[in-house]
Structures are given as structure tokens and as C-alpha cells.
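Examination of the molecular architecture
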Amino acid sequence: MYTVCDNPECGQRYKIKPELLGKMARCKRCQNIFEVQEYKEPVKIIDLQCDEDDDTCQDQSTQPQTRKRRSPAEVMTENIAIIKAEVKELMPRLNTALDRGDNESDTRLLINKMLQRVLGYSLDDIKTEQKVEGKRADYVLSVNGEDCLIIEAKKIGMPLKQNQIFQATSYGAHSGIRWVILTNAIVWQLYHLSFGEKIETDLVFSIELRDGLDDDEAYYFYLLSKTGMARKQLLDKLWQKISALCYDNIVNAILTDDVISKIRATLSKQTGCRITNEELRASIENNILQLA
């Protein structure tokens with residue numbers, strides 16, 4: 001008898017005993033919690049045992065025996081809820097470490113716990129003190145065997161500055177990894193690396209845990225999680241939107257002939273004054289954008 005993880009991004013199959021049917025279990029591959037149901041066409045079978053000490057594995061007699069397959073959005077919502085709960089549980093320990101002024105070694109123990117409990121990475125996914133061509137990375141995280149995230153770790157509470165990711169940036173340039181996290185366990189910053197004539201590093205988002213975890217920050221943590229990184233398009237789309245809305249792109253869009261002409265036509269209609277595109281462009285550059 002077999003079952004399958006109902007996470008559409010996972011789909012891992014497991015061999016089960018009949019007494020597990022109807023119970024809740026945690027997928028070993030993606031950490032998704034799902035109801036054990038019989039599956040008729042097993043592929044890549046491994047054994048699954050229900051941990052009787054885990055509340056999620058207790059008999060759910062009030063749950064229906066059949067359930068509609070969840071959408072990716074529903075799976076994401078559940079994962080974000082788990083992230084919020086794990087962060088809330090870890091915050092007293094983080095605050096205590098911050099008040100004590102723990103050193104970098106102790107901070108890494110906390111980061112290790114967050115990588116596993118909050119972001120869902122297994123020990124096999126986490127590599128430490130990685131080196132390539134003389135460049136070093138504190139952590140390299142992988143998803144499905146592919147390295148995807150570099151982490152530069154600092155002492156808890158230490159102010160974070162962009163130049164602190166120099167080693168991680170150099171490692172990324174040699175390994176082709178475009179995402180770097182800079183963290184002191186309390187603040188988590190994600191940077192995007194662009195490789196060209198020179199390496200460009202751009203801040204994508206920052207998560208600050210001292211003032212609580214809001215919905216946006218919980219979603220950002222989801223993007224950094226193992227499940228979120230498995231859906232590469234989510235982080236790529238966020239970066240594309242941030243890039244599209246950057247200052248230079250907006251300025252260039254405003255100063256195009258089409259936009260200038262539409263603004264000039266609107267102004268002429270409202271004021272009855274005739275102005276040229278060149279006069280309007282100069283006014284926007286000098287008085288609004290202050291480019292002069």
C-alpha cells in the first residue's frame with residue numbers, strides 16, 4: 001500500500017502500513033504535513049513511518065477521509081503559517097542571545113536552527129565553510145541537489161552593511177549563484193548578484209525580527225525557504241518587479257517621447273498654454289527629477 005505527499009511541488013511517494021490511513025504525516029522531502037491516503041501507482045518508493053510523539057501524526061477522526069488536492073496558493077499559505085509559528089517560538093531564544101551579546105559561533109547555532117525549523121532545510125541541504133578558488137562562503141544552501149543560496153553570517157545584533165558580503169559575492173561569481181543572504185540572526189537581508197563587466201549587488205528585501213514578523217516578511221521568509229526556493233519563478237518575479245520599478249527605469253520611462261507628448265497634451269488642455277516637448281522635458285528634468 002502506498003501514499004503520496006499532496007504538495008504539488010513535491011509529490012514524493014511512500015510505502016505505508018494500512019493503520020496509517022487517515023492519519024497526518026510529515027513528508028521527509030519537503031516537510032509538508034498531509035493526510036495519509038492510499039495511492040495506486042507508486043513510483044520511487046521509500047518507507048514512511050508515523051512518529052507517534054508528533055501531534056501531526058495522531059489520528060484525525062474528525063477529518064474527512066477524502067480531501068481535494070490543494071492548490072499551490074493553499075500550500076504556500078500553510079507554509080507561511082508554519083514559518084510564523086516557528087519564528088514566534090524561537091524569538092525568546094533570539095532575544096536572550098541578543099541581550100547576552102553572544103559571539104559569532106553561538107550566533108551560528110541559532111542560524112542553524114532557523115535554517116532547519118523556519119526555512120525547512122535538512123542537514124544534507126546545508127553546507128558550511130565552503131571554498132572555491134580561494135573564495136569562502138559561511139553557508140551554501142541547496143535544493144534538490146542544486147546550490148542556490150549563499151549566506152554570510154555575522155554576530156547577533158551586529159549592524160549589517162552591504163560591503164560585508166564581499167566574500168559571499170566573490171564565491172557567487174565563481175559558482176554562478178545569484179542570491180546572497182546577509183544575516184545576524186535578527187536581521188535577514190537578501191541580495192541579488194548580477195554578473196557582467198563587474199559584479200552588481202542589489203538589496204532585494206530585508207526582514208527585521210525585533211519588531212515582529214508582518215505578512216510581507218513572512219512571505220519573504222517563505223521565498224527563502226526550501227519549498228519557496230524550489231519554486232524559482234517566485235523569487236525571479238519579485239526581482240523583476242523590483243528592477244522594473246527602480247529609479248532609473250522610472251526616470252527613463254517618464255522622459256520617453258510618448259510620455260512627454262501625453263503630458264504636454266494634458267497640460268495644454270488644462271491651461272490653454274502651448275508648450276513644446278523640449279520645454280516640458282527640460283522642466284521635468286530640472287524641477288521635478290532635479291537631474292541638472
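Scroll up for the structure.
First, a word on scope: everything that follows refers to the structure included in this document. No experiment lies behind these values; they were computed from the predicted model shown.

Rules used throughout
- Residues numbered from 1 in each chain as written.
- Predicted model: local features only at pLDDT ≥ 70, side-chain atom pairs only at ≥ 80, totals over all residues.
- Heavy atoms only, no water.
- Axes fitted to C-alpha atoms, helices over the stretch in contact; angles between N-to-C directions.
- Helix = DSSP H or I, 4+ residues; strand = E, 2+ residues; numbered from the N terminus.
- Parallel < 35°, antiparallel > 145°, perpendicular 65-115°, else oblique.
- Contact = heavy atoms within 4.5 Å.
- Nonpolar A, V, L, I, M, F, W, Y, C, P; charged D, E, K, R; others polar.
- Salt bridge = Lys/Arg side-chain N within 4 Å of Asp/Glu carboxyl O.
- Buried < 20%, exposed > 50% of the residue type's maximum accessible area, 1.4 Å probe, protein only.
- Phe/Tyr/Trp six-rings, centres within 6.5 Å; stacked < 30°, edge-to-face > 60°.
- Core = buried A, V, L, I, M, F, W, Y, C linked by side-chain atoms within 4.5 Å.

What follows concerns the packing of helix H4 (residues 215–224) against helix H6 (residues 232–244). Where H4 contacts H6, the axes come no closer than 9 Å and their chain directions differ by 125°. Viewed along their axes, H4 and H6 adopt a mutual orientation that is oblique. For the pair formed by H4 and H6, the contact residues are Tyr219, Tyr220, Tyr222 and Leu223 on the first element and Leu234, Leu235 and Leu238 on the second. Looking at the contact of H4 with H6, its residues break down into 7 nonpolar, no polar and no charged.

The next point concerns the pattern of salt bridges. Per the counting criterion, the structure on display carries 17 salt bridges. A salt bridge links Glu104 to Arg108; the shortest N-O distance between them is 3.3 Å. One end of the pair is Glu104 and the other is Arg108, both in helix H2 (residues 104–117) and 4 residues apart, which spans about a single turn. Assessed through its relative accessible area of 33%, Glu104 is described here as partly exposed. The salt bridge involving Glu146 is made with Lys232; its shortest N-O contact spans 3.0 Å. Residue Glu146 is found in strand E8 (residues 146–153), and its partner Lys232 is found in helix H6; the two are separated by 86 residues along the sequence. For Glu146, a relative accessible area of 42% corresponds to the partly exposed category. By sharing partners, the salt bridges in this structure join Glu104, Arg108, Glu129, Arg136, Asp138, Glu152 and Lys154 into a single network.

Right, let's get into the packing of aromatic side chains. Following the criterion strictly, the structure yields 4 aromatic pairs and no others. Geometrically, the ring pair formed by Trp188 and Phe221 is edge-to-face, given 5.7 Å between the ring centres and 70° between the ring planes. Highlighted residues: Trp188 in strand E10 (residues 187–195) and Phe221 in helix H4, separated in sequence by 33 residues. Each member of the pair, Trp188 together with Phe221, is buried. On the numbers, 6.5 Å between centres and 25° between planes, the contact of Tyr219 with Tyr222 is stacked. With a gap of 3 residues between them, Tyr219 and Tyr222 both fall in helix H4, about one helical turn apart. With relative accessibility at 25%, the residue Tyr219 sits in the partly exposed group. On the accessibility criterion, Tyr222 (1% relative accessible area) is buried.

Attention now moves to the nonpolar core. Proteins that are soluble and globular tend to have nonpolar side chains buried together. The biggest cluster of nonpolar side chains holds 58 residues, and the ones touching the most others in it are Leu115, Leu149, Trp188, Leu190, Phe205, Leu209 and Phe221. By residue number, the principal contributor to this core is helix H1 (residues 72–100), which donates 8 residues. Leave out the neighbours within four places in its chain, and Phe205 touches Trp188, Gln189, Leu190, Tyr220, Leu223, Leu224, Leu235 and Leu238. Cys5, Tyr14, Leu20 and Phe34 belong to the second largest nonpolar core, which has 10 residues in total.

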